[in-house]
Amino acid sequence: VEQKPQVTAVMDTQCPFCSVQCKMRVEEERSAAGRFSYKVTAIPNAASEGRLCVKGMNAHQHTLHRERLVHPLIRREGKLVQATWEEALDLVSSRFQALQAEHGTDSVALYGGGSLTNETSYLLGKFARVGLRTRYIDYNGRFCMSAAASAGSKTFGIDRGLTNQLKEIERSECLILAGTNIAECQPTLMPYFTKAKENGATLIVIDPRMTGTAELADIHLQVKPGMDAALVNGMLKVIFDEGLIDRGFIRSRTKGFAELEQHVRALNLADIAESTGVPEALIRLAALAFGEAKTGMVFTARGVEQHADGHLAVRNFLNMVLATGKIGREGCGYGAVTGQANGQGGREHGQKADQLPGYRLIENEHDRAYVASVWGIRPEELPGKGVSAYEMMEMVHREEIKALLVMGSNPIVSNPNATLVEEGLTKLDFTVVADMFLSETALLADVVLPISAYLENTGTMTNLEGRVLLREAGRSAPGEARHDWQVLCELASRLGRGDYFAFENSEQIFNELRLASKGGLADYYGITYDRLRKEEGIYWPCPSLDHPGTKRLFEKSFAHEDGLAAFQTVTSDSPAEKADHEYPLLMTNGRQLSHYLTGVQTHRSPTLEARNVENHLEIHPHTARKYRIEDFSLVAVQSKRGVVILRCKVTDSIREDTVFIPMHWGGVQNVNRATSPQLDPFCKMPDFKTSAVSIRPYSEY
Ligand code: SF4
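Residues numbered from 1 in each chain as written. Predicted model: local features only at pLDDT ≥ 70, side-chain atom pairs only at ≥ 80, totals over all residues.

Draft legend 1. Inspection of the nonpolar core at higher detail. The biggest cluster of nonpolar side chains holds 185 residues, and the ones touching the most others in it are Leu-175, Ile-204, Leu-231, Met-235, Phe-290, Met-320 and Leu-488. No other element matches helix H13 (residues 310–323), which puts nine residues into this core. One finds Tyr-583, Ala-624, Val-644 and Ile-695 within the second-largest nonpolar core, a separate group that totals 24 residues. (Core = buried A, V, L, I, M, F, W, Y, C linked by C-beta atoms within 7 Å. Buried ≥ 20, exposed ≤ 12 C-beta atoms within 10 Å, placed from the backbone. Helix = DSSP H or I, 4+ residues; strand = E, 2+ residues; numbered from the N terminus.)

If you want it as structure tokens, here you go:
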């Protein structure tokens, strides 16, 4: 008689591959022959309403991969070899201490990630300032959310991904998706938009490519890369000229309108059409659709934000939201569509160079004093403000930083100007990487520390709505892998700072985080593990245990001291790097459905990898003909910074003056070998999305 497989584990968890944080159940079964198989089903009633995309369905595969790191590794005679935790942690602490004694505490830097739990993000910030006493900490979320975060902070006084709930999308009459391809990046959000369309909404997509998302649009504005701010000025001009502004809202809830109005009214729509590449009639159509709608929401993502003027471009979208009074009521609002799994929570608790937990500012005396009191140190012991992620890489390259601890990130692949970044990392005196796999960055490390995966580590994640969700471990980590927060506590102990890191589980860390965020903008004080187990996630701010959480922001006032939202006049009207004779095309980049970030995890999921085994370049047929490029041939894409070699796909879904490369590969296929490191002065976001390049057949390279 054939024996039925036995269910050996049932894990209720959340997908680790984007900011929606879809809930799911992973069931592990063992056959009579001892083989394991896995069944994945969506759990309804979460942010994704019971949907999962192909990434979520296969997110367990990498956690089972044979390349999982199960022992610490130490470089000996040029090779990474197995070591004990004692050896590895002793080496890390002694080298950090020696380098700090010789070069000062700021000679050691930390580099975190936007996929870490809130608890680890918080602890990493504390470890930098209290454990190592260095000012240098930043994280890869700098490349994800910083432009939207700074724009939200300046306009509204607070930065939360969505100002309202996802389910309000269905009740909105007009929706703008700018620089976001949710059909590939957050697929389970698509039904919100299709439902809105069924309800009669107009969908406007702004993107240089005809993406899966753009195919759903009623109006597609195929803008030139880097021209979003100018395009919005055109839409604002139509809205102002047609009298579609909400004077009452502007008068009672905002400031700075007169200057914006004066600037925009003087603009010429034909000039804007010319510079943005979007026909005047289409700009007008989109502006009328948004201006005339009674309700509307605007979403931006990296296509708008990853520019040297990303902050201002987002602010101009917010100008449009405010001018038409579309915020703080049902079906109205703004959303930054976060890419990383914890892009929202990862930036709230002190991983950023300039921030302390709860969005407190490291340069604000009151904020420093409060957080120091929670941490049990004197305010003057807290280091000052550090620098942004790419600036840190430049300091590494200049040998001003001597040692680096990287946790849950792969900076060699994810930074712009990747060749310089890789060169810099080889100059470091000492590099430590905590990861699940030997990523491109880990391969250069002196010590590699194996850490647990999402199925193995309990912690909270904050999704793109600002909804805090508890993700509980379903099984133990393989081999000797440890939780990232445990590694930080162990290291702190060896550095003589163990008293400040006496945590036995993630809930204890969360409880300290709650206290540290209390009274801050991102106030988590009222959120507890107990509540999260009972409730369907809780939206911050949630200042007390009996507070229900804040589902919709700005109903009565904004978060600035005077309660008003701030308009910003935006004059920016050209990309920082322009095409020229030598580099005649604009290169932009983005995601693909089956991969996540630099692909460290998804390249190790056989099902996901099989969908996209190599990188590619998208190019318009006319452009391909001009440069003698054949479909599927190998091409060399060259910028001032470096060259990318990859196969090309000829498609008329992209503008003739633009080429597109996905961002999930390292080595010669890494798009970031060519991307521009020019930084936005407001938020230090690099200009990933507009790099001037030339292209030729690989045979001529
Ligand atoms: Fe949901 Fe995003 Fe995971 Fe897809 S990748 S299942 S949309 S969380």
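Draft legend 2. Inspection of the site of the ligand at higher detail. Around the ligand sit 14 residues, and of these Cys-15, Cys-18, Cys-22, Cys-53 and Gly-56 come closest. Among the residues forming the shell around the ligand, the class breakdown is eight nonpolar, five polar and one charged. Counting the residues that make up the shell around the ligand, at least three belong to each of domain 1 (6–60) and domain 3 (146–337). (Near = placed C-beta within 6 Å. Nonpolar A, V, L, I, M, F, W, Y, C, P; charged D, E, K, R; others polar. Domains from an automatic or database assignment.)

Draft legend 3. Seen up close, the sheet that holds strand S5 (residues 79–82). What the seven strands build is an open sheet, ordered S5-S4-S18-S17-S16-S6-S7; its pairing is mixed. Of all the strands in the sheet, the pair left with one neighbour each is S5 and strand S7 (137–139). Across the sheet, the axes of successive neighbouring strands diverge by a mean angle of 20 degrees, strand direction being ignored. Bridge count between strand S4 (residues 73–76) and strand S18 (residues 447–450): two bridges; the pairing is antiparallel. (Pairing = 2+ DSSP bridges. Axes fitted to C-alpha atoms, helices over the stretch in contact; angles between N-to-C directions.)

Draft legend 4. Representation of the domain arrangement of the protein chain. Here the domain parsing of the protein chain yields domain 1 (6–60), domain 2 (73–143 + 342–358 + 385–502), domain 3 (146–337) and domain 4 (585–700). Taking only C-alpha atoms into account, the centre of domain 1 sits 28 Å from that of domain 2. At the junction of the two partners, domain 1 supplies eleven residues and domain 2 supplies 14 residues. Here the residues of the side of domain 1 that touches domain 2 sort into six nonpolar, five polar and no charged. (Contact = placed C-beta atoms within 7 Å.)

Draft legend 5. Examining helix H19 (residues 506–517) more closely. Between its first and last C-alpha, H19 extends 16 Å over twelve residues, near the 16 Å set by a 1.5 Å rise per residue. Buried-residue contacts for H19 involve helix H3 (118–132), helix H14 (365–375), strand S19 (459–462), helix H18 (484–494) and helix H20 (529–534). Two residues or fewer after H19 comes Gly-519, characterised by a positive phi angle close to 85 degrees. (Expected span 1.5 Å × (residues − 1).)

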